[in-house]
Amino acid sequence: MTLQADQKSPRRAPFSLRRTPEERQQLEAQAGAMPLASYIKSVVFADEAPKYRSRRKPPVAEQQLLAEVLARLAQTRQANNLNQIAKHLNQGTLVVDPELEEDLKRAVAEVTWMRATLMKALGVSS
C-alpha cells in the first residue's frame, strides 16, 4: 500500500539534543545494539518516564494585583524621592518640614500597600 502525496503524514523538523561526549558515551552504552534515537524515544515516551508539572500561570486575580502594583510604581516617583531623602539624610542636609513629613508618610503608606498587595498576589502570609 502506498500513500499519495497529499495523504502523507507531515514530518516534523529534526530535534537536536546536545550532550557532552561522556553523556553520549553513556547513552550509547545504555542503548546497546538499539539505534540511539530509538533508545532515547523509548525512554522518553515510556509510561514510567518522570512527569513534570507544567508551569502554571498565576490566577487572573493575582495577575490583576501584580499589574496594579506595577501601574502604581510607574505613576509614582516614590523610589526616586526616597533615594533623594536618604542622600540628604546621609549628607546631614535633610530639613524635615511639614511638607516633607507628609511626603514621607505618603511614601510609607504606598510601600506598605505595595508590600501587602504583592504578598497577597504571591500567596505569602505576613
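Draft legend 1. Spotlight on the overall build of the protein. A count of helical and extended segments in the protein gives 5 helices and 0 strands. Overall, the protein shows an N-to-C arrangement of helices and strands of α-α-α-α-α. Counting only residues that meet the buried cut, the protein has 13% of its 126 residues in that class. Taking the intrachain contacts of the protein between residues at least 6 apart in sequence as the baseline, contacts between residues at least 24 apart amount to 49%. Accessible surface, the protein as shown: approximately 11,500 Å² in total, 56% of it carbon and sulfur.

Draft legend 2. Structural detail: a nonpolar patch on the surface. A cluster of nonpolar side chains, L118, L122 and V124, forms an exposed patch at the surface whose accessible area comes to about 260 Å². Secondary-structure assignment places L118 in helix α5 (residues 98-122).

Draft legend 3. Spatial organisation of helix α4 (residues 78-91). Between its first and last C-alpha atoms α4 spans 20 Å; for 14 residues at 1.5 Å apiece the expected length is 20 Å, and the two agree. Positive backbone phi, approximately 80°, marks G92, located one or two places after α4.

Draft legend 4. Layout of the confidence of the model for the protein. Confidence in the prediction for the protein averages 79 pLDDT; 87% of positions are at 70 or higher. When mean pLDDT is taken per element in the protein, helix α1 (residues 21-31) scores highest with 91 and helix α3 (residues 60-75) scores lowest with 79.

Draft legend 5. Fine view of the side chain of E110. Tracing the backbone shows E110 in helix α5. Among residues more than four places away in sequence, those in contact with E110 are R72, T76 and Q78.

Draft legend 6. Layout of the side chain of T117. Positionally, T117 belongs in helix α5. Residues within four places of T117 in sequence aside, it is in contact with L65 and V69.

Draft legend 7. Structural view of the packing of α1 against helix α2 (residues 36-44). Remark: α1 packs on α2, axes separated minimally by 9 Å, with the N-to-C direction vectors making an angle of 85°. Here α1 lies roughly perpendicular to α2, going by the angle between them. Note on element contacts: α2 touches α1 through L36, Y39 and I40, opposite R24, L27, E28, Q30 and A31.

Draft legend 8. The arrangement of the pattern of salt bridges in detail. The full count for this structure, using the stated rule, is 3 salt bridges. The shortest N-O distance in the salt bridge between E28 and R24 comes to 2.8 Å. A residue pair is termed a helical-turn pair when its members lie 3 or 4 positions apart in one helix, as E28 and R24 do in helix α1 at 4 residues. Residue class for E28 comes out partly exposed when judged on its relative accessible area of 38%. Residue classification places R24 among the partly exposed residues on the basis of a relative accessible area of 37%. Measuring nitrogen to oxygen at the nearest pair gives 2.5 Å for the salt bridge that ties D103 to R106.

The rules we used
- Residues numbered from 1 in each chain as written.
- Predicted model: local features only at pLDDT ≥ 70, side-chain atom pairs only at ≥ 80, totals over all residues.
- Heavy atoms only, no water.
- Helix = DSSP H or I, 4+ residues; strand = E, 2+ residues; numbered from the N terminus.
- Buried < 20%, exposed > 50% of the residue type's maximum accessible area, 1.4 Å probe, protein only.
- Contact = heavy atoms within 4.5 Å.
- Areas by Shrake-Rupley, 256 points an atom, 1.4 Å probe, with all protein chains shown as cover.
- Patch = residues over 30% accessible without salt bridge, like charges linked within 9 Å, V, L, I, M, F, W, Y side chains within 5 Å.
- Salt bridge = Lys/Arg side-chain N within 4 Å of Asp/Glu carboxyl O.
- Expected span 1.5 Å × (residues − 1).
- pLDDT = per-residue confidence, 0-100.
- Axes fitted to C-alpha atoms, helices over the stretch in contact; angles between N-to-C directions.
- Parallel < 35°, antiparallel > 145°, perpendicular 65-115°, else oblique.

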